[in-house]
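Survey of secondary and tertiary structure
Now for the letters of each chain:
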Amino acid sequence: PWRKAAAYNLDRMMVHGVRRAAEMREVALTVRGLGFDGSMSDAAAGWQQAIGELGLSSTEGEFEARADAILRMLERR
């Protein structure tokens, strides 16, 4: 059930996004240290950070409700 999985993944990003962003920035440094482009890791870190900083709590509901809440908050920034 992709909606359930998507809702779960959004919930984890809402709760742990800031920490995950810090981890992804470390990944980007490691990738660059190996001589590769770290832009994909940087982009992942940016999204994790942005969603984590919204301060949305874990909410009940389907994927669409969580995604809509995130989009509304991002549009206000």
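Definitions and limits used
Each chain has its residues counted from 1, running along the sequence as written. Where local features are concerned, this predicted model is filtered to residues with pLDDT of at least 70; where side-chain atom pairs are given and counted, the filter is 80 or more; whole-chain, interface and lining totals use all residues. Only heavy atoms go into the side-chain values, all of them from the structure, while hydrogens and water stay out. The criterion is simple. A nonpolar core is a set of buried Ala, Val, Leu, Ile, Met, Phe, Trp, Tyr and Cys residues joined through side-chain atoms within 4.5 Å. Exposure classes here rest on a 1.4 Å probe applied to the protein chains alone. A residue is buried below 20% of its type maximum, exposed above 50%, and partly exposed in between. In this description a helix means any DSSP run of H or I spanning at least four residues, a strand means any run of E spanning at least two, and both kinds are numbered starting from the N terminus. pLDDT: the predictor's confidence for each residue, scored from 0 to 100. With axes taken as lines fitted to C-alpha atoms, and helix axes fitted only over the stretch in contact, angles between N-to-C directions fall between 0 and 180 degrees. Should the near helix be turned anticlockwise from the far one by less than a right angle, the crossing is termed left-handed; should it be turned clockwise, right-handed. Any pair of residues with heavy atoms lying within 4.5 Å of one another is described as a contacting pair. Residue polarity follows a fixed list, in which Ala, Val, Leu, Ile, Met, Phe, Trp, Tyr, Cys and Pro are nonpolar, Asp, Glu, Lys and Arg are charged, and the others, Gly among them, are polar. Classification of ring pairs uses Phe, Tyr and Trp, with its six-membered ring standing for Trp, and accepts pairs whose centres are within 6.5 Å; under 30 degrees between planes counts as stacked, over 60 as edge-to-face, and the remaining range as tilted.

Now for the nonpolar core. Leu10, Met13, Met14, Ile51, Leu54, Ala67 and Ile70 together form the largest nonpolar core, which totals 7 residues. Sorting the residues of this core by element identifies α1 (2-33) and α3 (63-76) as the ones contributing at least two each.

Okay, the confidence of the model for the protein next. Mean pLDDT over the protein works out to 89, with 95% of the residues at or above the 70 mark. Mean pLDDT per element in the protein: α3 is the minimum at 85, and helix α2 (residues 39-52) is the maximum at 95.

To continue, consider the packing of α1 against α3. Where α1 meets α3, the axes come as close as 8 Å, and the angle between the chain directions of the two elements is 35°. Once α1 is placed against α3, the crossing between them reads as left-handed. Contact with α1, carried on its side by Trp2, Arg3, Ala6, Ala7, Tyr8, Leu10, Asp11 and Met14, involves Phe63, Glu64, Arg66, Ala67 and Ile70 of α3 and no other residues of that element. When grouped by side-chain class, the residues that make up the contact of α1 with α3 number 9 nonpolar, no polar and 4 charged.

Right, let's talk about the packing of aromatic side chains for a bit. Per the counting criterion, the structure on display carries 1 aromatic pair. Ring geometry for Trp2 and Phe63: centres 5.6 Å apart, planes at 65°, overall edge-to-face. A residue pair is termed long-range when its members are at least 10 positions apart, and Trp2 in helix α1 and Phe63 in helix α3 qualify at 61 residues.

Bringing the side chain of Ser41 into the picture now. You can see Ser41 is positioned in helix α2. A relative accessible area of 11% means that Ser41 is categorised as buried.

Tracing the backbone through its elements, the reader meets His16 in helix α1. Spatially, the C-alpha atom of His16 lies 8.1 Å from that of Gln48, the residues being 32 residues apart in sequence.

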